[in-house]
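# Close look at the chain arrangement
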There are 4 protein chains.
Amino acid sequence: MKQGVNSTPKDKKQAILDCALHLFVDQGFHATSTASIAKKSAVATGTLFHHFPSKQHLINQLFLNIKQEFAYAISQNRLMTNNIEHSANDLWQKAIDWAIENPYKQKFFLQFSLSAEIDQHTRQQAMNDILHFVVDLIKQGQQQGFIVDTPLDLLLENFHGQYLAAIRFFTDNPELGQNSLYRQASFKLVWQAIRAN
Amino acid sequence: MKQGVNSTPKDKKQAILDCALHLFVDQGFHATSTASIAKKSAVATGTLFHHFPSKQHLINQLFLNIKQEFAYAISQNRLMTNNIEHSANDLWQKAIDWAIENPYKQKFFLQFSLSAEIDQHTRQQAMNDILHFVVDLIKQGQQQGFIVDTPLDLLLENFHGQYLAAIRFFTDNPELGQNSLYRQASFKLVWQAIRAN
Amino acid sequence: MKQGVNSTPKDKKQAILDCALHLFVDQGFHATSTASIAKKSAVATGTLFHHFPSKQHLINQLFLNIKQEFAYAISQNRLMTNNIEHSANDLWQKAIDWAIENPYKQKFFLQFSLSAEIDQHTRQQAMNDILHFVVDLIKQGQQQGFIVDTPLDLLLENFHGQYLAAIRFFTDNPELGQNSLYRQASFKLVWQAIRAN
Amino acid sequence: MKQGVNSTPKDKKQAILDCALHLFVDQGFHATSTASIAKKSAVATGTLFHHFPSKQHLINQLFLNIKQEFAYAISQNRLMTNNIEHSANDLWQKAIDWAIENPYKQKFFLQFSLSAEIDQHTRQQAMNDILHFVVDLIKQGQQQGFIVDTPLDLLLENFHGQYLAAIRFFTDNPELGQNSLYRQASFKLVWQAIRAN
DNA sequence: CATGAATGAGAGTTCATTCAT
DNA sequence: GATGAATGAACTCTCATTCAT
């Protein structure tokens, strides 16, 4: 009936995911032992393997969870407009907001979304899902002549690179997150790069 | 007494570095055992530790070697001009050339220059050395009013992000390395982003 | 309240025994986890331990059940005669029949009746019970001069060895089970070995 | 130069094999941990895996070693004669001698030559090698009319069964190993079974 | 009776590093 | 300089068993 002090349902699985996030980010995947994750989660070693078939599955699950959280966050309350610059800015600012509010999850992305610890399949799917809005937006912008007519693959890679840089910057300097000079400058750089001229 | 067919002095040390480069890039640092490096180098396990006090020292040494090679490559035959755009483009293209010619060394940079396996000290020093030209160039450009008056730290991070993206793109698509459309577009994106307007 | 489609009382206990039989034979005792037995029996892990105090008890119980089944099978409809050869042949053929009809139970015997997984006590008792008829028969045959006057312990071990060989042969070649040439030859070999000459 | 008190070359590998033999026989394969083998061999855990890639490889190697030893032992000083009975008896007695002199190796055979811990390939090859003499002998005997005209597969299985029984008997009762009554009776049982009548 | 999350000791195996030769 | 057998701590993962529901 009542809920004990130190056990709510699904608590342990979530605790493992939470602790794994912090340890993986702080120490790296290989340098983090399953034993240390279990210990920090106040759980037996076997419990970790009861919920996740392997360390690999654990990090993949973590990746998918965070991806979904992020996708949900930036897709909420989207600005509805035909002005592509405004639309892109809206997404950009939402992504920065999320990164500032969830620094560990953001660092996790930065560290692992390009690394080999995550299944290539999972990784690419995540990229596609997350960049989906952006890809659509850029394509549409090119068709309408608002965005520079550069080969799309190069353009996307460039955009992605600028995105990672911005995120890294604000994650490393969270105190600048509310500084509208920096926030605006951040988007302006990208927009200058890709807008038609 | 005599020197065998496949062993001249310093040969073994270099063989170890070469094999380590490939294995670290293909499998990651932790997933590559010193035994496998020794085996691929056709050398005894003890020999590796004869030349490098530890696995950590080995990867740091590798990092420094590659850094110097790269720095040397892009500093050769610098274009002498007061036109900042031309000067920046010269560096940019030289960096892309090097990346295309040395894909494994480039991938090594991409993987490890942000990761924790390399001493932070070594890492930052390398960054500074390599970006040194660029930092100077950008500062100078801002002073002269050719480059946008955005906070320098944000600007550098952005520039770095675009650089990594370009390198990644051409390393992944080496066949486009000689395509001048892509080469020019690559630099144009950065320049549009950062030039004064 | 009501009884579900696939669960009548004692069903689950029997399902566990059945599945354990197959898994133990196919994979061995240690290589079969209680979890896998439970899963194959469509039962929770706890349920297994509700019916059997431990894995050891489970295999012992299985052993005893099969032993009783076998003993019952060969003791039914015994041929009543004073001719020892006929009497022995009757038992021999009944044992082969049972083995052919119950290959997994037979293989279980072959694998575990000499192995250390079963309590020595349980094992020996089973041996005695099963060979009981035979021991009596052979003793009686020796007294009456129909069976060779070889030390009894050696004779029994030899008889047992031939029995195991026959069973193994017909379990491995069930299609020869109805071949009377093989069936007769099988008994003839033993009888030639042990009859007085 | 000199040989230290507790280390002669190849010592450790052999020590591991010797200790593994005893532990596997006494406790079974799965119940024997690699740690316990290493400890009994006075060797570090890693040393075991330096010499044998896995526990499985270790037991297979052990099996092959013992097989060769046995094959060598019974093939030495074979009795040269055309009398099949004498020839078979010679082999039979040599096998019993070896079993008595090497009880642990013999028990290892008894326990593992039919079990699943050894690769099926290794197992069958061993059977063929060891029974090779016997198979040839029995075939030849059948052709010459000295051995009963029973299907060969059944005959061999029966012979094998009697062989295992004899070995088991003398391994369990080594004090009867020099008793010529038992020794002769042992062979007589087989011969009676299989000779032409 | 039945469940299945939780346990933690212990398994097999890996690997950076040492050192006698 | 070069070798590779030896080391043992640390790793990931398994599993028989328990117990609150």
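On a predicted model such as this, the values are computed, not experimentally measured, just so you know.

### Looking at the overall build of chain A
Check the secondary structure of chain A and you find nine helices and zero strands. Dimensions along the principal axes, computed over C-alpha positions, put chain A at roughly 60 × 35 × 30 Å. Relative to its full complement of 197 residues, chain A shows a buried share of 47%. The long-range fraction of contacts in chain A, counting pairs at least 24 apart against all pairs at least 6 apart in sequence, stands at 65%. If you sum the accessible surface of chain A, you get close to 10,100 Å²; carbon and sulfur atoms cover 51% of it.

### Quick word on the protein's contact with DNA strand E
Around DNA strand E there are 28 residues in total, and T47(A), H51(A), T34(B), T47(C) and K55(D) lie nearest to it. Of all atoms in DNA strand E that approach within 4 Å of the protein, 66% are sugar or phosphate atoms. At 3.1 Å from a base nitrogen of DNA strand E is found a main-chain nitrogen or oxygen belonging to G46(C). Separating a phosphate oxygen of DNA strand E from a side-chain N or O atom of K55(D) is a distance of 2.6 Å. Those elements giving two or more residues to the surface near DNA strand E turn out to be helix 3 (45-51) of chain A, helix 2 (34-40) of chain B together with helix 3 (45-51) of chain C.

### So, the arrangement of the chains
At the level of C-alpha atoms, the two units chain B and chain C stay apart, their nearest approach being 29 Å. What separates chain B from chain D at the closest point of their C-alpha atoms is a distance of 12 Å, and the two make no contact.

### Quick notes on the UniProt feature "domain: HTH tetR-type" (unreviewed entry) in chain A
Here, UniProt's "domain: HTH tetR-type" (unreviewed entry) annotation points to residues 10-70 of chain A. Regarding residues 10-70 of chain A, the helix share stands at 77% and the strand share at 0%, and the terminal C-alpha atoms are separated by 21 Å.

### Points about the interface of chain D and chain C
Facing the 25 residues of chain D at the interface are 25 residues of chain C. Both faces combined, the contact of chain D with chain C buries some 2,600 Å², and carbon together with sulfur accounts for 63% of it. A per-residue breakdown of the area chain D buries against chain C is headed by L154(D), E157(D) and L189(D), which together make up 24% of the total. Run the count over chain D and chain C and you get two salt bridges. A salt bridge links R168(C) to E157(D); its shortest N-O distance comes to 3.2 Å. Between the two partners, chain D and chain C, sit six residue pairs in polar contact (both at pLDDT 80 or more). Where the side of chain D that touches chain C is concerned, the elements lending two or more residues are helix 8 (152-172) and helix 9 (180-194) of chain D. Looking at the side of chain D that touches chain C, the element that brings in the most residues is helix 8 of chain D, giving eleven residues.

### Considerations on the protein's contact with DNA strand F
Taken together, 29 residues are adjacent to DNA strand F, and T47(B), H50(B), T34(C), T47(D) and H51(D) come closest. Here DNA strand F approaches the protein such that, of its atoms within 4 Å, sugar and phosphate make up 68%. Separating a phosphate oxygen of DNA strand F from a side-chain N or O atom of K12(B) is a distance of 3.4 Å. Residue H50(D) places a side-chain N or O atom 2.9 Å away from a phosphate oxygen belonging to DNA strand F. Contributions of two or more residues to the surface near DNA strand F are made by helix 3 of chain A, helix 3 (45-51) of chain B together with helix 3 (45-51) of chain D. Partitioned by chemical class, the residues of the surface near DNA strand F number six nonpolar, 19 polar and four charged.

### Some thoughts on helix 8 (residues 152-172) of chain B
The end-to-end C-alpha distance of helix 8 of chain B, which contains 21 residues, comes to 30 Å, matching closely the 30 Å that a straight helix rising 1.5 Å per residue would cover. Of all the 21 residues making up helix 8 of chain B, 16 are buried; the element is thus mostly covered by neighbouring parts of the structure.

### Overview of the domain arrangement of chain A
Residues and elements named next belong to chain A. Considered domain by domain, chain A is made up of domain 1 (1-52) and domain 2 (60-194). The gap between the C-alpha centroids of domain 1 and domain 2 is 29 Å. Contacts between domain 1 and domain 2 engage ten residues on the former and eleven residues on the latter. Interface area, domain 1 with domain 2, both sides summed: about 950 Å², of which 76% is carbon and sulfur. Three residues stand out in domain 1 for area buried against domain 2, namely L17, L21 and V25, and they jointly supply 54% of the buried area on that side. Applying the counting criterion to the domain 1 and domain 2 interface returns zero salt bridges. Joining domain 1 to domain 2, the criterion identifies two residue pairs in polar contact (both at pLDDT 80 or more). Split into classes, the residues belonging to the side of domain 1 that touches domain 2 amount to seven nonpolar, two polar and one charged.

Cut-offs applied
- Residues numbered from 1 in each chain as written.
- Chains lettered and ligands numbered in written order.
- Predicted model: local features only at pLDDT ≥ 70, side-chain atom pairs only at ≥ 80, totals over all residues.
- Heavy atoms only, no water.
- Helix = DSSP H or I, 4+ residues; strand = E, 2+ residues; numbered from the N terminus.
- Buried < 20%, exposed > 50% of the residue type's maximum accessible area, 1.4 Å probe, protein only.
- Contact = heavy atoms within 4.5 Å.
- Areas by Shrake-Rupley, 256 points an atom, 1.4 Å probe, with all protein chains shown as cover.
- Near = heavy atom within 4 Å.
- Polar contact = N/O pair within 3.5 Å; in protein donor to acceptor, adjacent residues only side chain to side chain.
- UniProt positions renumbered as here; feature names shortened; annotations may be inferred.
- Buried area = accessible area lost by both parts, 1.4 Å probe.
- Salt bridge = Lys/Arg side-chain N within 4 Å of Asp/Glu carboxyl O.
- Nonpolar A, V, L, I, M, F, W, Y, C, P; charged D, E, K, R; others polar.
- Expected span 1.5 Å × (residues − 1).
- Domains from an automatic or database assignment.

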